[in-house]
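# Per-entry structural report
The primary structure of each chain is shown beneath.
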Amino acid sequence: GAVVSQHPSWVICKSGTSVKIECRSLDFQATTMFWYRQFPKQSLMLMATSNEGSKATYEQGVEKDKFLINHASLTLSTLTVTSAHPEDSSFYICSAPGGRGSTSPLHFGNGTRLTVT
Amino acid sequence: TQLLEQSPQFLSIQEGENLTVYCNSSSVFSSLQWYRQEPGEGPVLLVTVVTGGEVKKLKRLTFQFGDARKDSSLHITAAQPGDTGLYLCAGNAGGTSYGKLTFGQGTILTVHP
C-alpha cells in the first residue's frame, strides 16, 4: 500500500535555530501534501497545504514566514520551522491523498516530535 | 467553515464493554473517514463512508453515516485493550478540496483489562 515517510521522527534543537522536516510519498506521486500540528491528546490542526510547483496555502493564523513549506517534486514536501522557540515544540505530521477522489484516504507520515530547548 | 463536533472527548471503560463515538455537523460531507492513532504515530485509516445511511463493519467496529451525510458514529462491541487509542473522524467537503479534511476533536479511548 501507499506509504508516506516522514523524517526525522524526533528532533531536539536550541531556541533560535531552524529545523527541516521531510515528507516523502514512497510509491505514489503527491501533487498535494498537508502539514498538521498536534498537541498532546488533541486532534490534528491543519497548518498548510503544500502544492507541488507552487506556493503553499496557509491556514488562518499560521505564520508563513515561520513555517516555510517547499514542495519541489511530486514525492517530497518539506516544512522548515525557522527561528524555533519553545512554544513551537509539538508533534508535526504530514499527509498525502492517495488519489483525487473525495473518498481517497489520506496517508499519514509517522510524525516528527520537535522539542525546542 | 465546516465543523465536526466529536464526542465524547475521553472514554475510559473496562474490557468487554460496548461504546459509541459520535461525530456531528451542520454541514454536509461528500464522505467521512474514521482514523485511529496511537501515541507517537500518524493516524491510520479505518473506514470511509460515502452514502447516506451507509453502515460498514470492521470486525467489532461498526460505522454509520447519517442519512443526510451530516453525522456519523463508531460503535465498538466488546472492547479490548488493543482498541485503546485516539479515534478521529474527518469529513471531506468534496469538489476540488480533495484531501483537505475537517477533523473532529478526537476521542481518547482507554480500555482497561
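Structural data are supplied above this passage.
The shown structure was predicted, so the numbers you read here are calculated from the model rather than taken from an experiment.

### Side note on the pairing of strand β4 (residues 31-37) of chain B
Residue and element names in this part refer to chain B. Within β4, seven of the seven residues are buried, leaving the element largely enclosed by the surrounding structure. Burial along β4 is two-sided: the face carrying Ser-31, Gln-33, Tyr-35 and Gln-37 and the face carrying Leu-32, Trp-34 and Arg-36 are both buried. Taken together, the seven bridges between β4 and strand β9 (residues 85-92) define a ladder with antiparallel strand orientation. Bridging across to β9, Leu-32 finds its partner in Gly-91.

### What about the state of the cysteines?
Within this structure, the stated rule accounts for two disulfides over all chains. Two residues, Cys-23 of chain A and Cys-94 of chain A, share a disulfide whose sulfurs are 2.0 Å apart. Note on the Cys-23 of chain A and Cys-94 of chain A pair: the S-S dihedral is about 85°, so by sign convention the disulfide is right-handed. Pair noted here: Cys-23 of chain A is in strand β3 (residues 19-25) and Cys-94 of chain A is in strand β9 (residues 90-97), with a separation of 71 residues, a long-range link. A disulfide bridge connects Cys-23 of chain B with Cys-89 of chain B, and the sulfur atoms are separated by 1.6 Å. Since a negative S-S torsion denotes a left-handed disulfide, the Cys-23 of chain B-Cys-89 of chain B link at about -80° is left-handed. Linking Cys-23 of chain B in strand β3 (residues 19-24) with Cys-89 of chain B in strand β9, this pair joins segments that are 66 residues apart in sequence. Cys-13 of chain A forms no disulfide, and the closest cysteine sulfur to it belongs to Cys-94 of chain A, at a distance of 18 Å. The exposure class assigned to Cys-13 of chain A is buried, which follows from its relative accessible area of 9%.

### Quick word on the interface of chain B and chain A
On the chain A side, the residues contacting the 25 residues of chain B number 25 residues. Contact between chain B and chain A buries roughly 1,800 Å² in total, counting both sides, with carbon and sulfur atoms accounting for 60%. Our count for the chain B to chain A interface comes out at one salt bridge. The salt bridge involving Glu-59 of chain A is made with Lys-100 of chain B; its shortest N-O contact spans 3.1 Å. At the boundary of chain B with chain A, the tally comes to five residue pairs in polar contact (both at pLDDT 80 or more).

Rules and cut-offs
- Residues numbered from 1 in each chain as written.
- Chains lettered and ligands numbered in written order.
- Predicted model: local features only at pLDDT ≥ 70, side-chain atom pairs only at ≥ 80, totals over all residues.
- Heavy atoms only, no water.
- Buried < 20%, exposed > 50% of the residue type's maximum accessible area, 1.4 Å probe, protein only.
- Helix = DSSP H or I, 4+ residues; strand = E, 2+ residues; numbered from the N terminus.
- Pairing = 2+ DSSP bridges.
- Disulfide = S-S within 2.5 Å.
- Contact = heavy atoms within 4.5 Å.
- Buried area = accessible area lost by both parts, 1.4 Å probe.
- Salt bridge = Lys/Arg side-chain N within 4 Å of Asp/Glu carboxyl O.
- Polar contact = N/O pair within 3.5 Å; in protein donor to acceptor, adjacent residues only side chain to side chain.

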